[in-house]
Protein chains: 2
Amino acid sequence: MEQATRRATIADVARAAGVSKAAVSFAFNTPERLSADTVSRIRDVAAGLDYRPDPVARMLAQRRTWTIGILTPQGLDVIFTNPYFGEFSAGVATAAEAAGMAIQFISPLHGSLARAVDRASVDGIIAVGLGADHPEIGQIRRSGIPFVLVDSTALPDEPAIHVDDEGGAHAAASHLVELGHRTFVVIGIEPPSAGASPDPAWVTSRRLRGYRAAATAAGVAIHDDAVVMGPASMEGGIAAFHRAWDGGLRPTAVLAMSDAMAIGALRAARELGLRVPADLSIVGFDDLDVAQYTDPPLTTVRQPNRLKGEEAVRLVLDGGRKRNRLEPAQHQFATHLVVRGSTAVVPRQRQEVVDDRS
Amino acid sequence: MEQATRRATIADVARAAGVSKAAVSFAFNTPERLSADTVSRIRDVAAGLDYRPDPVARMLAQRRTWTIGILTPQGLDVIFTNPYFGEFSAGVATAAEAAGMAIQFISPLHGSLARAVDRASVDGIIAVGLGADHPEIGQIRRSGIPFVLVDSTALPDEPAIHVDDEGGAHAAASHLVELGHRTFVVIGIEPPSAGASPDPAWVTSRRLRGYRAAATAAGVAIHDDAVVMGPASMEGGIAAFHRAWDGGLRPTAVLAMSDAMAIGALRAARELGLRVPADLSIVGFDDLDVAQYTDPPLTTVRQPNRLKGEEAVRLVLDGGRKRNRLEPAQHQFATHLVVRGSTAVVPRQRQEVVDDRS
DNA sequence: ACGGTCCCGTAAACCGGTTTGCTAAACCGC
DNA sequence: GCGGTTTAGCAAACCGGTTTACGGGACCGT
């Protein structure tokens, strides 16, 4: 009859081996402080007792948790089903594991991000999509724990990672312009807080600037009513495109700010009987893994999703704010256009089709 | 000049408020043990000092970590980019949050799952894809911490969650048989350990039995060389289908054991110039969110991915092995076929070749 | 005035490790 | 044989909370 016997503690091992607790601790962590045979004797006894140091006690004593946190304003349920996050997290996980660190997701607990931050015990934080002026970031900043901001603006001397959104967007729009397109619909990512604040730092604003710069250079304007927003998901993309269409917009090309939305637009277009790219060109953003498997394969703006995650870990492990001065705290990755099958020259008799609406 | 001042501890608060540490603890955890105004006085002082209890210290003292672990033999990088895991984890996250629990992923650390298990500090474990005879499961069983096995076989009295793989597979194959198909290729999920052991408990074996039962009922056999295997990903599906094709197989229908692989097969078929479903029917398994957005939308076997995660949390929180006896420890969910656009009646000229019996 | 309950609050043990002196013995060169 | 340096191991403080056992005072009925 075996019952859940209490797990052996360091004191049990010490007693059984006839040494002090300190000796047991040394045997595992600093074996060179002990004679070789004491070490092996202690280890044998420990193995016999199936002893394993309690991670929590160790964390408390060392004041290190060997964990880095990924902080996001979205719920875990959306995080885990969002491929963009997935690829980013995969990058974080890779680098974290290499450094012997675990990762923990910090996301709103019962609706409160602050509460979640309080409950989290981490050695460093990677905050994605949270601006430097966000209250929780202030809370973290005061606490002194290293952190890095990803995909948002940071204070000038704080570590951050972002990509060249404007450049990437510019490249996407230029590509379409060169193919002869002049009528665009932009599908943007709506801010997490439904506030009507047109935050100029928000990713949507940055990319929009890039789109517009390229359009303007070709002498065409992208009006505000040609910009529709939604959550960065397939459903969001479907809904957004339908909204644009129902609103009477008849673009020859769609600029989507995320691949997920682009795929949604692809789907919506098909439902409306449009062929991509013959009748409609679509450009995404992110270059998710799936982008190469859609039908047609998606033309999109690549950003290094996994790499961003890995670099974030590196920065936060370097101590965040007080890292080596030689290394720039702010790391910006380049973006570039990947042309696949979802874009083509503007359809010739497009105008006729457009006018027959019923 | 603000510098990272040491975070206030419970002792600091106690001193500042002129009370004992115990009182401070009570003020937050058991306020009814104190007079109302002492509570508010302590809370005010605490707020002034920006005090927040150290989660690690609390874990040690309470011997609870408020965390449940998700144990998998795959690396985090594959987990996070695998939609099946994503949906399952989303379910876990939902239920965990509702119960005030955090979740932690436990996956091989420097190649060793055992090491990862040692380092993890959790109140319960959800093991997915790990058989009851797996050494790490033994380790956990001995440790006495509650656990539940998902998607694999468990000892008869241990909590586990699975789905009716055989029934679902049977339904999928029957559907194809009814459409007139007689020549199949099965795309299976290869076991994590590349061992040549044809474990009869492995999910691939279970589903294969279902497929075969339905085929046999129609008088057709699915030979071993019509079964190709690969990792459960799009790439895996593409490679598997190509391998089958290159091996001379010319099926009218494909039975894929995961939607990801089915999508890969879809892609591979298109590359080979086959139209789906006109030339080739494909049935997946899982019913991922994306299955409804592929082109054509995927016919597949639904299993309740998120629900499984939620139920797993419930079981493990009920104490795992020593739960209420009235509730079955083993929970099996039903599966059922969802017919969409990737299946159709067998193509005519192909039918002649095969159909010597109707 | 007296013993018995409550009510508030405290002191101290405890959770299970790590880490900092410190000491006793062994080793050293001379 | 002696001071000085290593070496091996120990005792105790510490990390920052929780929880149990207890005590003093107010309130109560008699």
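No experiment lies behind these values; they were computed from the predicted model shown. (Residues numbered from 1 in each chain as written. Chains lettered and ligands numbered in written order. Predicted model: local features only at pLDDT ≥ 70, side-chain atom pairs only at ≥ 80, totals over all residues.)

Quick notes on the protein's contact with DNA strand C
Point 1. Close contacts around DNA strand C come from 26 residues, with Ile10, Ala22, Ser25 and Ala61 of chain A together with Ala22 of chain B the closest.
Point 2. Contributing elements (two or more residues each) for the surface near DNA strand C: α2 (21–29) and α4 (55–62) of chain A together with α2 (21–29) and α4 (55–62) of chain B.
Point 3. Split into classes, the residues belonging to the surface near DNA strand C amount to 13 nonpolar, 7 polar and 6 charged. (Near = placed C-beta within 6 Å. Helix = DSSP H or I, 4+ residues; strand = E, 2+ residues; numbered from the N terminus. Nonpolar A, V, L, I, M, F, W, Y, C, P; charged D, E, K, R; others polar.)

Description of the sheet that holds strand β8 (residues 253–256) of chain A
All names here are of chain A.
Point 1. One open sheet holds the 4 strands; their spatial order is β7-β6-β8-β9, and the pairing between them is parallel. What marks the edges here is a single partner per strand, and that holds for β7 (227–230) and β9 (281–283). On average, adjacent strands in this sheet sit at an angle of 20° to one another, irrespective of strand direction.
Point 2. The pairing of β8 with β9 spans 3 bridges and is parallel. What sits directly across from Ala253, in β9, is Ser281.
Point 3. Packed on one face of the sheet, helix α11 (residues 234–246) meets β6 (184–189), β7 and β8 and runs near 150° to β7. (Pairing = 2+ DSSP bridges. Axes fitted to C-alpha atoms, helices over the stretch in contact; angles between N-to-C directions. Contact = placed C-beta atoms within 7 Å.)

So, the relation of the copies chain A and chain B
Point 1. For the pair chain A and chain B, the relating rotation is 180°, the translation along its axis is 0.0 Å, and the fit reaches an RMSD of 0.0 Å. The two molecules are tied by a two-fold rotation axis, judged by turn and shift.
Point 2. A symmetric contact is evident, with 100% of the interface residues of chain A recurring at the interface of chain B. (Least-squares fit on C-alpha atoms with pLDDT ≥ 70 in both.)

Section: the interface of chain A and chain B
Point 1. Residue-level contacts link 35 residues of chain A with 35 residues of chain B.
Point 2. Secondary-structure elements contributing two or more residues to the side of chain A that touches chain B are α4, α5 (76–80), α6 (83–98), β2 (102–106), α7 (113–119) and α12 (259–271) of chain A.
Point 3. If you tally residues by element for the side of chain A that touches chain B, the top one is α6 of chain A, at 7 residues.
Point 4. Tallied by class, residues from the side of chain A that touches chain B come to 15 nonpolar, 9 polar and 11 charged.

Topic: the confidence of the model for chain A
Point 1. In the predicted model, chain A carries a mean pLDDT of 91, and the fraction of residues at 70 or more is 92%.
Point 2. Segment residues 351–358 of chain A is flagged for pLDDT under 50; beyond a separation of four residues in sequence, or across chains, it makes 1 contact in the model. (pLDDT = per-residue confidence, 0-100.)

Describing the nonpolar core
If you look at soluble globular proteins, the nonpolar side chains tend to sit buried side by side.
Point 1. With 181 residues, the main nonpolar core has Ile126 of chain A together with Ile126 of chain B as its most contacted residues.
Point 2. Residues within four places of Ile126 of chain A in sequence aside, it is in contact with Ile68, Gly69, Ile70, Leu71, Val92, Val148, Val150, Ala312 and Val316 of chain A. (Core = buried A, V, L, I, M, F, W, Y, C linked by C-beta atoms within 7 Å. Buried ≥ 20, exposed ≤ 12 C-beta atoms within 10 Å, placed from the backbone.)

Things to note about the pairing of strand β6 (residues 184–189) of chain B
Residues and elements named next belong to chain B.
Point 1. The element β6 is extensively covered by neighbouring structure, given that 6 of its 6 residues are classed as buried.
Point 2. Covered by surrounding structure in β6 are Phe184, Val186 and Gly188 together with Val185, Ile187 and Ile189, the residues of both alternating faces.
Point 3. Examined bridge by bridge, β6 and strand β8 (residues 253–256) share 4 bridges and lie parallel to one another. Across the sheet, residue Val186 finds its bridge partner in β8, namely Leu255.
Point 4. Here β6 runs beside strand β7 (residues 227–230); their pairing, made up of 4 bridges, is parallel. Note on β7: the bridge partner recorded for Ile189 is Gly230.

Some remarks on the protein's contact with DNA strand D
Point 1. Lining the immediate surroundings of DNA strand D are 25 residues, of which Ala22 of chain A together with Ile10, Ala22, Ser25 and Ala61 of chain B lie closest.
Point 2. Where the surface near DNA strand D is concerned, the elements lending two or more residues are α2 and α4 of chain A together with α2 and α4 of chain B.
Point 3. Split by residue class, the surface near DNA strand D holds 13 nonpolar, 7 polar and 5 charged.

Some details on unusual backbone geometry
Point 1. The residue after Val276 of chain A, namely Pro277 of chain A, is reached through a cis peptide bond having omega 10°.
Point 2. Secondary-structure assignment places Pro277 of chain A in the loop between α12 and β9.
Point 3. Following Asp295 of chain B, the chain continues into Pro296 of chain B via a peptide bond in cis, with omega recorded as -5°.
Point 4. Relative to the assigned elements, Pro296 of chain B resides in the loop between β9 (281–283) and β10 (300–302).
Point 5. Unusually for a residue other than glycine, Trp66 of chain B sits at a positive phi of about 55°.
Point 6. Here Trp66 of chain B is to be found in the loop between α4 and β1 (67–71).

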